[in-house]
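Fold and contact review
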Amino acid sequence: MSRSAETQAETLAKTTITSHTRALPEATDPTKATTFEQLGLHPPIVASLKAAFSNVKNPTETQAEFIPAILSGKDVLLKDETGSGKSFGLVVALLNKPRVSSPGKSKNSVIRHVTSLVLVPHRDLAYQLLHWIERMTSVTTPPPLLATIGQVLVRDGRSHLTDGLRLLRQTPPHILIGTPQAIMDVYNEDPEALQLEHLSSVVVDEVDYLVETVPNKDPSRSYYKATLKAKKKLLAHPGVTRQLLELGGTGISHSVLLVSENGIKNIAGAKAPSINPAETDHLHAIDPQTLFAPTAESKAVETDPDIAESEYPCSSGQRLIINVLLCEKEYKGTPTPFNPNVIEAIATAFALDVPSVALLVLPSSSPVQRAVYELREMGVNAHGLDLLTGEKGRSHLLRGDGNGQDNPTLLVSTLATTRGLDLPELTHVFIMGIPDGPKVNGRTIDGYVHLAGRVGRFGRGGKVVTVVEQEGDVEEGEEGTGGVSQGSKMLRILATINKTPTAFVHFD
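Report follows, based on the coordinates. Treat the numbers as computed from the prediction; the structure is a model and nothing was measured. (Residues numbered from 1 in each chain as written. Predicted model: local features only at pLDDT ≥ 70, side-chain atom pairs only at ≥ 80, totals over all residues. Heavy atoms only, no water.)

A few points about the nonpolar core
How we decide: The definition of a nonpolar core used throughout is a set of buried Ala, Val, Leu, Ile, Met, Phe, Trp, Tyr and Cys residues joined through side-chain atoms within 4.5 Å. The rule is simple: take the accessible area with a 1.4 Å probe, protein chains only, and divide by the maximum for that residue type; under 20% is buried, over 50% is exposed, in between is partly exposed. Strands here mean DSSP runs of E at least two residues long; helices mean DSSP runs of H or I at least four residues long; both are numbered from the N terminus. Throughout, a contact is declared for two residues whenever any of their heavy atoms are within 4.5 Å.
Grouped together as the largest cluster of nonpolar side chains are 35 residues, with contacts concentrated most on Leu-95, Val-118, Leu-129, Met-136 and Ile-177. Broken down by secondary-structure element, the contributors of at least two residues to this core are helix H2 (43-52), helix H3 (61-71), helix H4 (86-96), helix H5 (123-138) and strand E5 (175-178). Aside from chain neighbours lying at most four places away, what touches Met-136 is Ile-45, Ser-48, Leu-49, Ala-52, Phe-53, Val-92 and Leu-95. Of all hydrophobic cores here, the second largest spans 28 residues; its members include Leu-257, Phe-350, Leu-410 and Phe-504.

Topic: empty space enclosed by the protein
With a probe scaled to a water molecule rolled over the atoms, the places where space remains empty come into view. Convention followed: Only protein atoms enter the 1 Å grid used here. Points where a 1.4 Å probe fits but cannot escape make up a cavity, open sets with protein on both sides within 12 Å along at least five of seven lines make up a pocket, and a residue lines them when an atom lies within 4 Å of a point. Grid points are joined across faces, edges and corners, and a volume is the space filled by probe spheres set on the points. Residue classes follow a fixed rule: Ala, Val, Leu, Ile, Met, Phe, Trp, Tyr, Cys and Pro count as nonpolar, while Asp, Glu, Lys and Arg count as charged, and any other residue, Gly among them, counts as polar.
Tallying each qualifying case throughout the model produces 2 cavities of 30 Å³ or more. The computed volume of the largest cavity comes to approximately 70 Å³. Val-361, Leu-362, Pro-363, Ser-364, Leu-415, Ile-431, Met-432, Gly-433, Ile-434, Pro-435, Asp-436 and Leu-451 are the residues that line the largest cavity. When the residues that make up the lining of the largest cavity are grouped by side-chain class, the tally is 9 nonpolar, 2 polar and 1 charged.

With respect to the packing of aromatic side chains
For any two aromatic rings, the description comes down to two numbers: the centre-to-centre distance and the angle of the planes. Basically, it comes down to this: When two rings of Phe, Tyr or Trp (its six-membered ring) have centres within 6.5 Å they constitute a pair, described as stacked for plane angles under 30 degrees, edge-to-face for angles over 60, and tilted for the intermediate range.
The full count for this structure, using the stated rule, is 3 aromatic pairs. Aromatic side chains Phe-88 and Trp-132 sit 5.3 Å apart centroid to centroid with 85° between the ring planes, which places their arrangement in the edge-to-face category. Within this pair, whereas Phe-88 is found in helix H4, its partner Trp-132 is found in helix H5, the two being separated by 44 residues in sequence. For the pair Phe-88 and Trp-132, one class covers both residues: buried. Every member of this aromatic cluster is reached through a ring pair, and the members are Phe-53, Phe-88 and Trp-132.

Observations regarding the packing of H4 against H5
So the rule is basically this: To get an axis, fit a line to the C-alpha atoms, keeping to the stretch in contact for a helix; angles then go from 0 to 180 degrees between the N-to-C directions. Throughout this description, any angle smaller than 35 degrees is read as roughly parallel, any larger than 145 degrees as roughly antiparallel, any in the 65 to 115 degree range as roughly perpendicular, and the remainder as oblique. Should the near helix be turned counterclockwise from the far one by less than a right angle, the crossing is left-handed, whereas a clockwise turn marks it as right-handed.
Where H4 contacts H5, the two axes come as close as 10 Å, and the packing angle between them is 50°. In terms of axis orientation, H4 runs oblique to H5. Once H4 is placed against H5, the crossing between them reads as right-handed. For the pair H4 and H5, the contacting residues are Ser-87, Phe-88, Val-91, Val-92 and Leu-95 in the first and Leu-129, Trp-132, Ile-133 and Met-136 in the second. Its residues assigned to classes, the contact of H4 with H5 shows 8 nonpolar, 1 polar and no charged.

Comments concerning a negative patch on the surface
As a reminder of what qualifies: A patch consists of residues whose relative accessible area exceeds 30% and which take part in no salt bridge; residues with like charges are grouped when within 9 Å of each other, and nonpolar side chains (Val, Leu, Ile, Met, Phe, Trp, Tyr) when within 5 Å. Surface exposure here means Shrake-Rupley accessible area, sampled with a 1.4 Å probe, where a residue is shielded only by the protein chains that are shown. The term salt bridge refers to a side-chain nitrogen of Lys or Arg lying within 4 Å of a carboxyl oxygen of Asp or Glu. Working convention for charge: Lys and Arg count positive, Asp and Glu count negative, and His plus the chain ends are omitted. We put the charge of a Lys on NZ, of an Arg on CZ, of an Asp on CG and of a Glu on CD.
Negative charge collects at one region of the surface, where Glu-61, Glu-65, Asp-80 and Glu-81 lie side by side. A relative accessible area of 63% places Glu-81 in the exposed class.

Digging into unusual backbone geometry
Following Thr-141, the chain continues into Pro-142 via a peptide bond in cis, with omega recorded as -10°. Along the chain, Pro-142 turns up in the loop between H5 and helix H6 (146-149). Positive phi outside glycine occurs at Gln-195, with the angle close to 55°. As for its placement among the helices and strands, Gln-195 is situated in the loop between helix H9 (191-194) and strand E6 (201-204). For Gln-195, a relative accessible area of 12% puts it in the buried group.

Considering the pattern of salt bridges
Oppositely charged side chains can pair when the atoms bearing their charge come close. Throughout the structure, instances matching the rule amount to 7 salt bridges. Arg-166 is paired through a salt bridge with Asp-163; the nearest N and O atoms lie 2.8 Å apart. Taken together, the residues span about one helical turn, with Arg-166 and Asp-163 both in helix H7 (residues 163-170) at a distance of 3 residues. Using a relative accessible area of 42% as the deciding quantity, one classes Arg-166 as partly exposed. Residue Glu-374 is joined to Arg-370 by a salt bridge in which the shortest nitrogen-to-oxygen separation is 2.9 Å. With Glu-374 and Arg-370 both in helix H16 (residues 368-377) and 4 residues apart, the pair spans about one turn of that helix. Pair check on accessibility: Glu-374 and Arg-370 agree, each one buried.

Notes on the pairing of strand E8 (residues 263-266)
For the record, the criterion: Here the rule is simple: two strands pair whenever DSSP picks up at least two bridges between them.
Alignment of strand E7 (residues 252-260) against E8, held across 4 bridges, turns out to be antiparallel. Residue Leu-258 lies in a different strand from E8, and its bridge partner there is Lys-265. Turn length for the E7-E8 hairpin, with the two strands adjacent in sequence and antiparallel, is 2 residues.

Printed below as a string of structure tokens:
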């Protein structure tokens, strides 16, 4: 691309961060705006829009409402009649978003990344969106290279995995448009090419077609059980679009901690973590003995006032949130089903590294309420979770009891009860033992991938920390004469999904 074309491309697709907060003209209501400029679009974008589509004079009512929302970074669910300009307005808004870039290796060089991913149901719609982008860029002088602004990936034989993937690697576009199947093919071939960790926006056009749902049914009707069965099947076997939305970005780190009487250490071969100082300012090196030592000022975690003692006996396995303090007499002095070293390792890692919300996943047969009790005894703000029981649990957990970094929350669950869990503040997933183990098979690997997908949704970053027991003198990472250690099994799982363990920064 020539220097002038590159400059024009930047004019269309790159702005400064301050553009997000630029005020609209005084006394202007975005929903009543009469011009595209009043919606916050940059003049070069508006000029290209009017030159390419002379019949488009002003934004529709729908565009006036959702374009400012997209530009401000809000989540948007848009539903309106056909012909209201939803898709066209979406393209204009995405062109106006700041181009995601990062510093290059050489001085003053910049690496441009994919800023927005648009999922569409079929190739015709994909090329329609690209056509609009092409028309808007072609009226500039000189026109930028189209591939730098927009590209399409659809299944056309294997061209999306040959020419399409090659172009994507060489010239990441500002906007990438594709069908779910083609995007998933590319992800399976080369996950790095999609640059999920850099995405600013993800769009699902015709979402009612691309994302499978089960209609809500009256619980009193005879077909209600069939509906529940269909929901469970949908969760167990999601469609391609759901799988893409579940994908974790490359910003996820996978750590394996080995716990023994001698302490906690990272598994052999773990690579050094890539630390972003901005993400670790809240971390402080605290000795575990100091962290959990009882003091005269120690206070018990407050009870949940909504839960009565008689309603939720300690032996019950059906409750949603259990007030474990009411079970102190039952638990105190009885043998624990957990390895105390493992519980302490999880509590320590949680206290040292979690800013807001984390999830702990126990083996399927483990008593969640007992784990919550023992974690609370160590000062952890832990809560049991069961998403299958009803809306009360969801609302409680979404509300949470923590206040940001001052009181982080640890949600305790099993693999089965994490289906569909999506908490925006979730940054860490702790896994006790081999997920869905003890053997390593397809179900075990699927279970781990599902749990890892609770964090890092489209590049939101996150950490998955598996805590296993170091077994005797067996060298983790190798098969011993007495069988394969838990550490070795975790290495097999990570190798299967092409991941290398990352050292957890707080442990040697």
